[in-house]
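So the chains spell out like this:
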Amino acid sequence: MDEWGAPSIGAAIRQCSLVEMPDLSGFHIWYEHVCVGTTTMSNMRIDPEGIAQRLMALHGAVRG
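Here is what the cut-offs are and how they apply
Numbering of residues begins from 1 in every chain and follows the order in which that chain's sequence is written. In view of the model being predicted, local features appear only for residues whose pLDDT reaches at least 70, and side-chain atom pairs are presented and counted only at 80 or more, with totals across whole chains, interfaces and linings using the full set of residues. The side-chain quantities take in all heavy atoms of the structure and omit both hydrogens and water. Secondary structure elements are defined from DSSP: runs of H or I of at least 4 residues count as helices, runs of E of at least 2 residues count as strands, and each element is numbered from the N terminus. The atom set for the radius of gyration is the C-alpha atoms, and the globule formula is 2.2 Å times the number of residues raised to the power 0.38. Only protein chains enter the area calculation, which uses a 1.4 Å probe; residues under 20% of their type maximum are buried, those over 50% are exposed, and those in between are partly exposed. Between two residues, a contact is recorded if the distance between any of their heavy atoms is within 4.5 Å. In this description, accessible areas are obtained by the Shrake-Rupley approach with a 1.4 Å probe, and a residue is regarded as covered only by the protein chains that are shown. Neither His nor the chain termini are counted; the positive set is Lys and Arg, and the negative set is Asp and Glu. Think of each charge as sitting on NZ of Lys, CZ of Arg, CG of Asp or CD of Glu. Known as pLDDT, the predictor's confidence for each residue is given on a scale from 0 to 100. Where helices are involved, their axes are fitted lines through C-alpha atoms of the stretch in contact, as for all axes, and angles between N-to-C directions lie from 0 to 180°. Roughly parallel covers angles under 35 degrees, roughly antiparallel covers those over 145, roughly perpendicular covers 65 to 115, and oblique covers all other angles. Helix crossings get a hand from a simple test, with the near helix turned counterclockwise from the far one by less than a right angle marking a left-handed crossing and a clockwise turn marking a right-handed one. To form a nonpolar core, buried Ala, Val, Leu, Ile, Met, Phe, Trp, Tyr and Cys residues must be joined to one another through side-chain atoms within 4.5 Å.

### Section: the overall build of the protein chain
A tally of regular secondary structure across the protein chain gives three helices and two strands. Moving toward the C terminus, one meets the helices and strands of the protein chain in the order α-β-β-α-α. Against the globule reference of 11 Å for 64 residues, the protein chain gives a C-alpha radius of gyration of 12 Å, in line with a compact fold. Scored against the burial criterion, the 64 residues of the protein chain give a buried share of 28%. Restricting to contacts in the protein chain with at least 6 residues of sequence separation, those with at least 24 account for 44%. Carbon and sulfur atoms form 58% of the exposed surface of the protein chain, whose accessible area is close to 4400 Å². Counting 4 positive and 7 negative side-chain charges, the protein chain places the centres of these two groups 7 Å from one another.

### Notes on the confidence of the model for the protein chain
Considering every residue of the protein chain, the mean pLDDT works out to 86; 92% of them sit at 70 or more. Of all secondary-structure elements in the protein chain, the lowest mean pLDDT belongs to strand β1 (residues 26–31), at 88, while helix α3 (residues 48–63) reaches the highest, 93.

### Topic: helix α1 (residues 9–17)
By the burial criterion, the buried members of α1 are Gly 10, Ala 11, Ala 12, Ile 13 and Ser 17. Elements in contact with the buried residues of α1: β1, α2 (41–46) and α3.

### Comments concerning the packing of α1 against α3
Their axes nearest at 8 Å, the elements α1 and α3 cross at an angle of 125°. As judged from the angle between their axes, α1 and α3 are oblique. You can see that α1 and α3 cross each other, and the crossing is right-handed. Touching Ile 9, Gly 10, Ala 11, Ile 13 and Arg 14 of α1 are Pro 48, Glu 49, Ile 51, Ala 52, Leu 55 and Met 56, all from α3.

### Focus on the side chain of His 59
Here His 59 shows up in helix α3. On the basis of relative accessibility, which here comes to 6%, the residue His 59 falls in the buried class. Look past the residues within four positions of His 59 in its chain and what remains in contact with it is Tyr 31, Glu 32, His 33 and Val 34.

### Some thoughts on the side chain of Thr 39
Checked against the element boundaries, Thr 39 lands in strand β2 (residues 34–40). By relative accessible area, Thr 39 is classed as buried at 7%. Residues within four places of Thr 39 in sequence aside, it is in contact with Ser 25, Gly 26, Phe 27, Ile 29, Met 44 and Ile 51.

### A look at the nonpolar core
Core analysis: the biggest nonpolar cluster contains eight residues, these being Ile 13, Ile 29, Val 34, Met 41, Met 44, Ile 51, Ala 52 and Leu 55. Secondary-structure elements contributing two or more residues to this core are α2 and α3. Residue contributions to this core peak at three residues, all from α3. Sequence-distant contacts of Ile 29, defined by excluding residues within four places in its chain, comprise Ile 13, Val 34, Cys 35, Val 36, Gly 37, Thr 39, Met 44, Ile 51 and Leu 55.

Okay, here's the thing in structure tokens:
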């Protein structure tokens, strides 16, 4: 669990997608030194676990 109470990366992505910020259309999603890129709020709501899996796969590929 992270400092915001999310039990997983997917849950943290989902929590961020629920924040009401009218001028914000997406986030840069990072894990340590790896960024999965800019992700729209709608994609964060639809597939947070898929985004988390891609992020972790990229992280693993970079770390070797």
